[in-house]
Amino acid sequence: MLTLYDYMDSGNGYKVRLVLAALDLPYKLIECDILKGETRTPEFLARNPNGRIPTLQLEDGSFLAESGAIIWYLADGTPLAPKDRKARAETLQWMFFEQYSHEPYVAVARFWKHYLPKLSPLQEMDLPNRMKGGYAALDIMEKHLATHRFFVDDRYGLADIVLYAYTHVAHEGEFDLSKYANINAWMARVAGQPKHVTISHKN
């Protein structure tokens, strides 16, 4: 059986859990508290030298890290990963966008504002840039969704999963989503998918 090492509030981990649920794949969940350094122990570093969740142990005992790589491995050959060459490239395009232009702003602001009791002076100074970058990413998504029901091929897939994970909790970073009608309608469509699970759901 697959074994997922994860932290329940992590959007990156949530991406993997959304794919596992959508594909009805059984797995064992082992929770690791990143706030207590549980991914920095020698035991965990033997599984993933980068010391991060999610980390997936495959049936053969090997380990796979990085949420994008994990979900592509799980979804390859399924309807979540397009077969068409261009659609696959567009899916990767949105996945790279999420990691480079969305997650570093929306997810970081969420972590700082929602989980830290107090920001450091450096974080306080950097926060406006994080918010600006987050809104820029949301603006791009809003414009795309004005003419698309989903991000690629007008059907639910990996691009939607990666972007939904942190967008749906962006308010925890004090992002105002009320002005994003297209994003809100899209999030409702994602949440309405068969076998959808919430970020707090445990298998």
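For the structure itself, look to the data block above.
Residues numbered from 1 in each chain as written. Predicted model: local features only at pLDDT ≥ 70, side-chain atom pairs only at ≥ 80, totals over all residues. Heavy atoms only, no water.

Enquirer: Kindly report on the pairing of strand β1 (residues 2-6), identifying the contributing residues and their values.
Expert: Most of β1 sits inside the fold, with five of its five residues counted as buried. Every second residue of β1 is oriented toward a common face, with Leu2, Leu4 and Asp6 on one face and Thr3 and Tyr5 on the other, all of them buried. One ladder, built from five bridges, connects β1 with strand β2 (residues 27-31); its direction is parallel. Each residue of the ladder has a partner; that of Asp6, found in β2, is Glu31. Remark: the β1/helix α1 (residues 11-22)/β2 crossover connection has right-handed handedness. (Buried < 20%, exposed > 50% of the residue type's maximum accessible area, 1.4 Å probe, protein only. Helix = DSSP H or I, 4+ residues; strand = E, 2+ residues; numbered from the N terminus. Pairing = 2+ DSSP bridges. Right-handed = clockwise from strand over helix to strand, strands pointing away.)

Enquirer: Break down the packing of aromatic side chains for me, with residues and values.
Expert: Evaluation of the coordinates by the stated rule reveals 10 aromatic pairs. Here the aromatic rings of Tyr14 and Tyr164 are separated by 6.3 Å at their centres, their planes lie at 45°, and the arrangement is tilted. Here Tyr14 is found in helix α1, whereas its partner Tyr164 is found in helix α6 (residues 158-167), with 150 residues between them in sequence. Comparing Tyr14 with Tyr164 shows no difference in burial state: the two are buried. When the centroid spacing of 5.2 Å and the interplanar angle of 85° are considered together, the rings of Phe151 and Trp186 count as edge-to-face. (Phe/Tyr/Trp six-rings, centres within 6.5 Å; stacked < 30°, edge-to-face > 60°.)

Enquirer: Any details on the side chain of Ser10? Residues and values, ideally.
Expert: With respect to the helices and strands, the residue Ser10 is situated in the loop between β1 and α1. Ser10 sits in the buried class, given a relative accessible area of 8%. In this structure Ser10 touches Arg17, Ile53, Tyr166 and Ile199, once residues within four positions along its chain are discounted. (Contact = heavy atoms within 4.5 Å.)

Enquirer: If you had to explain helix α5 (residues 121-145) to someone new, which residues and values would you point to?
Expert: The end-to-end C-alpha distance of α5 is 37 Å, a good match for the 36 Å that 25 residues give at a rise of 1.5 Å each. The largest bend in α5 comes to about 35°, at Leu127, with the proline Pro128 one to four residues further on. Of the surrounding secondary structure, the elements contacted by the buried residues of α5 are α4 (85-115), α6 and α7 (181-191). (Expected span 1.5 Å × (residues − 1). Bend = angle between axes of the 7 residues up to and from the residue.)

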